[in-house]
Structures are given as C-alpha cells and as structure tokens.
Amino acid sequence: ADGSPRTVANAMEQIERSHRQSLSPLQRLFSPQPFSVTRYPDDNPRVFKSVPIALPKDWPGDLNYSARSTNSSRITLEALPSDANGNLCALLLMTPDDPLAKPNVDPQTMREYFNIEFPQFSPLIPD
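Residues numbered from 1 in each chain as written. Predicted model: local features only at pLDDT ≥ 70, side-chain atom pairs only at ≥ 80, totals over all residues. Heavy atoms only, no water.

A. Region of interest: the overall build of the protein chain. Looking only at helices and strands, the protein chain has three helices and four strands in total. Counting helices and strands in the order they occur from the N terminus, the protein chain gives α-α-β-β-β-β-α. Taken over the C-alpha trace, the protein chain has a radius of gyration of 23 Å; the compact-globule value for 127 residues is 14 Å, which it surpasses by more than 25%. The C-alpha extent of the protein chain, read off along each of the three principal axes, is 70 × 35 × 25 Å. Expressed as a percentage of its 127 residues, the buried residues of the protein chain come to 27%. In the protein chain, of all internal contacts separated by at least 6 residues, the share reaching a separation of at least 24 is 52%. Accessible surface, the protein chain as shown: approximately 9000 Å² in total, 57% of it carbon and sulfur. With 12 positive and 15 negative side-chain charges, the protein chain shows a separation of 9 Å between the mean positions of the two kinds. (Helix = DSSP H or I, 4+ residues; strand = E, 2+ residues; numbered from the N terminus. Rg over C-alpha atoms; globule rule 2.2 N^0.38 Å. Buried < 20%, exposed > 50% of the residue type's maximum accessible area, 1.4 Å probe, protein only. Contact = heavy atoms within 4.5 Å. Areas by Shrake-Rupley, 256 points an atom, 1.4 Å probe, with all protein chains shown as cover. Lys, Arg positive; Asp, Glu negative; His and termini not counted. Charge placed at Lys NZ, Arg CZ, Asp CG, Glu CD.)

B. The arrangement of the sheet that holds strand E4 (residues 87-94) in detail. If you trace the four strands from one edge of the open sheet to the other, you get E1-E4-E3-E2, paired in antiparallel fashion. Either end of the sheet is taken by a strand with one partner, and the two such strands are strand E1 (47-54) and strand E2 (65-68). For this sheet, the mean angle separating the axes of adjacent strands, direction not counted, is 20 degrees. The pairing of E2 with strand E3 (residues 76-81) spans four bridges and is antiparallel. Counted as the bridge partner of Arg-68 is Thr-76 from E3. (Pairing = 2+ DSSP bridges. Axes fitted to C-alpha atoms, helices over the stretch in contact; angles between N-to-C directions.)

C. View of the packing of aromatic side chains. Enumeration according to the criterion identifies five aromatic pairs in this entry. Their ring planes at 85 degrees and their centres at 6.2 Å tell us that Tyr-65 and Phe-121 sit as a pair that is edge-to-face. Residue Tyr-65 is located in strand E2, and its partner Phe-121 is located in the segment after helix H3 (107-117); the two are separated by 56 residues in the primary sequence. With respect to class, Tyr-65 is no different from Phe-121; both count as buried. Put simply, the rings of Trp-59, Tyr-65 and Phe-121 touch in pairs and so form one group of aromatic residues. (Phe/Tyr/Trp six-rings, centres within 6.5 Å; stacked < 30°, edge-to-face > 60°.)

D. Geometry of the layout of surface pockets. Volume-wise, the largest pocket comes out at about 250 Å³. Lining the largest pocket, in full, are Lys-49, Ser-50, Val-51, Pro-52, Val-105, Pro-107, Met-110, Arg-111, Phe-114, Ile-125, Pro-126 and Asp-127. Considering only residue class, the lining of the largest pocket consists of eight nonpolar, one polar and three charged. (1 Å grid on protein atoms, 1.4 Å probe; cavity = no way out; pocket = protein on both sides within 12 Å on 5 of 7 lines; lining within 4 Å. Points joined across faces, edges and corners; volume = space filled by probe spheres on them. Nonpolar A, V, L, I, M, F, W, Y, C, P; charged D, E, K, R; others polar.)

Following this line, the structure appears as structure tokens:
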C-alpha cells in the first residue's frame, strides 16, 4: 500500500536516521541496527493500456477478473469493477517493447489478439 515512491518507507528511514544521529557514540554502539529498505532495480518493467469491459447481466459484477495470454504469459489482463452496472476497467499489462504497447495500435490487430488470447473477454470489449 506504500506505492512506487515508497513514501512511508522513506519517511521511516529518515526518522530512524535522525534519531540515530541524536544518540551519543556510546548509545549508537549498543542501539539496534537502523531501519533501512533494500531497493532492487526494476528488471521487469510493465506498461498498461486500459480497456473497457461490459459484463453480461448473468456474470458477477463484483469480482476482479484476471487472465494471462497463452503465448508465454506475454500479456496479463486485470479487470476490476468500475460501477454497479457490470462495467469493468481492465488493464493490459505488457513489457514496454511489446508491439501492442505502442501508441495507436490498429484496433483490428488488438481485436485479433483478444480473439486468440482472451476469447472469453473479446466479445465483451467494444470496438
């Protein structure tokens, strides 16, 4: 729940650093190790495209829907309820170099991809 900027973790580190600086050298020697966050490089960046999905009336509208493409899990679809009328806000998560991540991808190309990889959702997505 901290988010990408790590606001809470950064604040905790800063408070700990300030407290530790206020200690005498002898107190620092016997005080516990300071709080610190291990930061790892992002070796799996993702970009997203949003896709509206309108569920049929007989589908539960209060669930999150998720699917992975069958082509080596190239793209993940995550869909969450956006209102009480069965509409979902779906995100396609993909690598930045994926051909579908480019701006203004041909809608027919996207439709063909959905028909093959996400056939359960394809009819629910407007052109």
